Amino acid sequence: HMKETPNRVTKAFVEELFAGNFKPKPKVTSFEDEDKVLNYTGMIVQTDIDIKSCCSHHFQPFIGKCHIAYIPAEPTENKGGKVIGLSKLNRIADNCARRPQVQERLTKQILLEVDKAVPGNRGIAVTIICKHLCCSNRGIGHDSQMKTTERTGAFESDQATMNEYLFYIQSQMKL
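Here is a short report on the structure shown in this document.

Criteria and thresholds
Residues numbered from 1 in each chain as written. Predicted model: local features only at pLDDT ≥ 70, side-chain atom pairs only at ≥ 80, totals over all residues. Heavy atoms only, no water. Helix = DSSP H or I, 4+ residues; strand = E, 2+ residues; numbered from the N terminus. Buried < 20%, exposed > 50% of the residue type's maximum accessible area, 1.4 Å probe, protein only. Areas by Shrake-Rupley, 256 points an atom, 1.4 Å probe, with all protein chains shown as cover. Core = buried A, V, L, I, M, F, W, Y, C linked by side-chain atoms within 4.5 Å. Contact = heavy atoms within 4.5 Å. Axes fitted to C-alpha atoms, helices over the stretch in contact; angles between N-to-C directions. Parallel < 35°, antiparallel > 145°, perpendicular 65-115°, else oblique. Left-handed = near helix turned anticlockwise from the far one by under 90°. Pairing = 2+ DSSP bridges.

Let's shift gears to the overall build of the protein chain. Counting secondary structure elements, the protein chain contains 7 helices and 7 strands. For the protein chain, the succession of helices and strands along the chain, N to C, is α-α-β-β-β-β-α-β-α-β-α-β-α-α. The burial tally for the protein chain puts 36% of its 175 residues in the buried class. On the protein chain, roughly 10,500 Å² of surface is accessible, and the fraction owed to carbon and sulfur atoms is 53%.

Structure (structure tokens):
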């Protein structure tokens, strides 16, 4: 019953688990409000994005959630601050996660991709919380969580902005 296992494993690594290494990055376009009157200038936060990745040290999965926030560029008289489609944050996180790596690197990769997608933004924050099977299934044998955060702009320089972000990702507000 394992005759085709090597082929199935190879296919799973290339087409699913490590697809971020083989498939193109998602196309992320930004847009601005057409009438320049209703430009959104507040924080945009997408929480509870599923993360499924693989540790580059032991090829064991790590799974959890990612939270991403950004503040669009300040609109000017003739140009609005750009935002991206909501699903694009999920697509960026998923594409970055689908390759072998460590969580710290994944957190930074997502931040850099969002930074490219939202030109002139006033800050980005990315937090990832994952369980690592390399810790629970081998080695120490503990079922713990790892939490990583990267941030730029207002999320670094303004404590009120960071507090607002933390409120959003810690709150249990569900629809």
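On we go.
Once that is clear, we can look at the nonpolar core. Judged by nonpolar contacts, the single largest core of 26 residues is most densely connected at Ile51, Cys66, Ile68, Tyr70, Ile110 and Val114. Going through the elements one at a time, strand E2 (44-55), strand E3 (61-71), strand E4 (83-84), helix H3 (86-97), helix H4 (103-117) and strand E6 (123-132) are the ones with two or more residues in this core. Beyond its immediate stretch of four places on either side in the chain, Val114 contacts Ile68, Tyr70, Leu89, Ile92 and Ile124. Membership of the second largest hydrophobic core comes to 9 residues, among which are Met43, Ile71, Ala154 and Tyr165.

The geometry of a pair of packed helices is captured by two quantities: the angle between their axes and the separation between those axes. Two elements in contact, H3 and H4, have axes whose closest approach is 9 Å; the angle formed by their N-to-C orientations is 140°. Overall, the two elements H3 and H4 adopt an arrangement that is oblique. Two packed elements cross with a definite hand, and for H3 against H4 that hand is right-handed. Together, Leu89, Ile92, Ala93, Cys96 and Ala97 of H3 and Leu106, Gln109, Ile110, Glu113, Val114 and Ala117 of H4 make up the contact between the two elements.

Our focus in this paragraph is the sheet that holds strand E7 (residues 145-151). Within a sheet, each strand pairs with its neighbour through backbone hydrogen bonds, oriented either parallel or antiparallel. Read from one edge of the open sheet, 5 strands run E5-E2-E3-E6-E7, paired in mixed fashion. Each edge of the open sheet is held by one strand with a lone partner, namely strand E5 (100-101) and E7. As paired elements, E3 and E6 share 10 bridges and run antiparallel to each other. Bridge pairing in E6 links Tyr70 to Ile124. Strands E2, E3, E5, E6 and E7 of the sheet are contacted by H4, whose axis makes an angle of about 150° with E6.

Purely geometric stuff here, so don't read any function into it on its own.
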